[in-house]
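# Results of the structural survey
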Amino acid sequence: MENVLRPVIVVGGSVVLTLLIGWSVDRLLRRVDDRHSETSLWGLLRRGRVPFQLVLFAALLRASYDQAKLLVEHRIGIGRTLTLILIGAAAWLVVSIATAIVETSYTRYANAHRDPARVRRVRTQVTLIQRVVSAVVGVVAIAAMLLTFPAMRAAGASLLASAGILGIVAGVAAQSTLANLFAGLQIAFGDMVRLGDTVVVDGEWGTVEEITLTFLTVRTWDERRITMPVSYFTSKPFENWSRGTPQMTGIVFLHVDHSAPVEAMRAKLRDILRECPAWDGRDYALAVTDSTPNTMQVRALVTAKDADDIWTVRVTVREQLIRWLTEQHPYALPRVNTAEAMLPPGQTRRPGHAEPDGADGVAARANHGRHIHEPPRTGPGRG
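Residues numbered from 1 in each chain as written. Predicted model: local features only at pLDDT ≥ 70, side-chain atom pairs only at ≥ 80, totals over all residues. Heavy atoms only, no water.

## Section: the pairing of strand 3 (residues 215-220)
How we decide: Two strands are said to pair when DSSP picks up at least two bridges between them. Under the scheme used here, helices are H or I runs from DSSP no shorter than 4 residues and strands are E runs no shorter than 2 residues, and both carry numbers assigned from the N terminus.
When strand 2 (residues 204-211) meets strand 3, the two strands line up antiparallel, connected through five bridges. For I211, the partnering residue across the bridge sits in strand 3 and is L216. The antiparallel hairpin formed by strand 2 and strand 3 contains three residues in its connecting segment. Alignment of strand 3 against strand 4 (residues 225-229), held across five bridges, turns out to be antiparallel. Looking at strand 4, one finds that F215 is bridged to P229. Linking two consecutive strands that pair antiparallel, namely strand 3 and strand 4, is a turn of four residues; a positive phi of about 70 degrees is found at E223 within it.

## Description of the packing of helix 11 (residues 262-274) against helix 12 (residues 307-328)
So the rule is basically this: All axes here are fitted lines through C-alpha atoms, helices being fitted over the stretch that makes contact, and every angle between N-to-C directions spans 0 to 180 degrees. Working rule for angles: under 35 degrees goes down as roughly parallel, over 145 as roughly antiparallel, 65 to 115 as roughly perpendicular, anything else as oblique. Two helices cross in a left-handed way if the nearer one is turned anticlockwise from the farther one by less than a right angle. They cross in a right-handed way if the turn is clockwise. For this analysis, residues touch if any pair of their heavy atoms sits within 4.5 Å. Under the scheme applied here, ten amino acids are nonpolar (Ala, Val, Leu, Ile, Met, Phe, Trp, Tyr, Cys and Pro), four are charged (Asp, Glu, Lys and Arg), and all others, including Gly, are polar.
Axis separation between helix 11 and helix 12 bottoms out at 10 Å; the angle between their running directions is 135 degrees. Considering their axes alone, helix 11 and helix 12 lie oblique with respect to each other. Note on packing geometry: the crossing formed by helix 11 with helix 12 is right-handed. Mapping the contact onto sequence places A264, M265, K268, L269, I272 and L273 in helix 11 and V313, T316, V317, Q320, L321, W324 and L325 in helix 12. Each residue belonging to the contact of helix 11 with helix 12 can be placed in one class, and the counts come to 10 nonpolar, two polar and one charged.

## As for the nonpolar core
Note on soluble globular proteins: their nonpolar side chains tend to be buried together. Using the following cut-off: Here the nonpolar core consists of buried residues drawn from Ala, Val, Leu, Ile, Met, Phe, Trp, Tyr and Cys, with membership extended through side-chain atoms lying within 4.5 Å. Relative accessibility thresholds used throughout: buried, under 20% of the residue-type maximum; exposed, over 50%; partly exposed, between the two (1.4 Å probe, protein chains only).
Of all hydrophobic cores here, the largest spans 27 residues; its most connected members are V256, M265, V313 and V317. Within the residue set of this core, elements represented by two or more residues are strand 6 (248-256), helix 11, strand 7 (279-291), strand 8 (296-304) and helix 12. Sort the elements by how many residues they give to this core and helix 12 lands first, with seven residues. Beyond its immediate chain neighbours, meaning those up to four positions away, M265 contacts L254, V256, A260, L286, V298, L321, W324 and L325.

## Let's talk about the sheet that holds strand 4
Spatial strand order, 4-3-2-1-5: five strands in an open sheet with antiparallel pairing. What marks the edges here is a single partner per strand, and that holds for strand 4 and strand 5 (239-240).

It is worth stressing that arrangement in space is one thing and function is another; only the former is reported here.
Right, dumping it as structure tokens:
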């Protein structure tokens with residue numbers, strides 16, 4: 001009878017204590033969370049209830065398993081299994097606690113600062129720090145699990161003796177991986193590019209959607225994702241439209257006829273921007289920036305609070321200005337000049353006179369209106 005009751009008491013007692021302690025801690029965290037609603041730390045800590053109970057159960061069962069006298073012939077294997085479960089659950093719990101602390105710190109910072117650029121920078125750093133902590137805890141947990149096996153402890157001396165050679169080989173083999181790793185840390189703390197920044201890389205315009213220690217994902221305007229190694233952003237030039245401030249100035253070019261009403265176009269631009277919600281009201285301008293024999297180039301300057309709004313303002317101004325010119329001033333649109341050439345002052349074109357084509361026509365037009373009398377030619381020479 002004792003052989004039956006003892007395992008039941010040991011295993012059942014471990015389960016009951018685990019559930020009781022886990023429920024008590026969760027209820028305590030819930031009360032603290034209700035009293036301190038200004039912070040999300042206690043609510044986030046409640047997410048670690050499962051790994052916490054797993055750690056409790058593995059620790060209690062591992063400590064009392066020898067007293068259970070259950071499966072004595074497999075005592076070493078079961079004990080090692082419980083140890084592995086304990087190490088893995090402890091690593092899971094540490095990562096959960098670290099994530100809760102990091103997320104709470106970021107939330108407080110985001111609520112205290114209204115600068116979007118600073119918030120995105122901290123978000124990038126927090127994300128990479130969280131990944132580094134998770135990777136370090138995972139590596140330590142795996143190493144601790146391996147050291148529970150006697151064969152691994154016996155091989156430790158030989159591994160340490162060859163650590164120098166292995167380090168050189170690993171460094172050469174993983175050169176690109178290590179470069180991306182250090183580049184990721186440089187991006188996180190060097191404030192080169194942040195989550196949510198608008199960038200232009202390889203001619204593609206998009207928004208930084210994800211940053212890890214090895215790669216960076218850019219979401220383009222047409223919903224494509226471009227994944228690039230982070231070392232690209234530390235070795236090649238790229239455009240960051242959100243650097244410093246997200247405010248931008250956009251340009252709209254129009255080619256119009258020389259007779260276009262520039263002052264009326266400037267007034268129409270002002271009216272268009274006043275009705276455009278994407279315009280931030282900072283500045284606008286319209287000026288003639290170039291001229292060709294057939295047209296002149298008009299440049300309209302507009303402003304907006306970010307890259308998305310500047311795109312909206314530019315297309316709105318371009319569409320409405322062209323429509324207004326077409327409806328109100330069609331003569332101002334570019335056209336091909338098919339009118340007859342103007343004659344010099346004092347000359348008139350004779351009715352029905354057709355000038356010859358080709359080189360003779362050019363000579364005839366050049367000599368038109370001139371009264372030049374030359375003696376007739378007789379033979380190859382002049383008479």
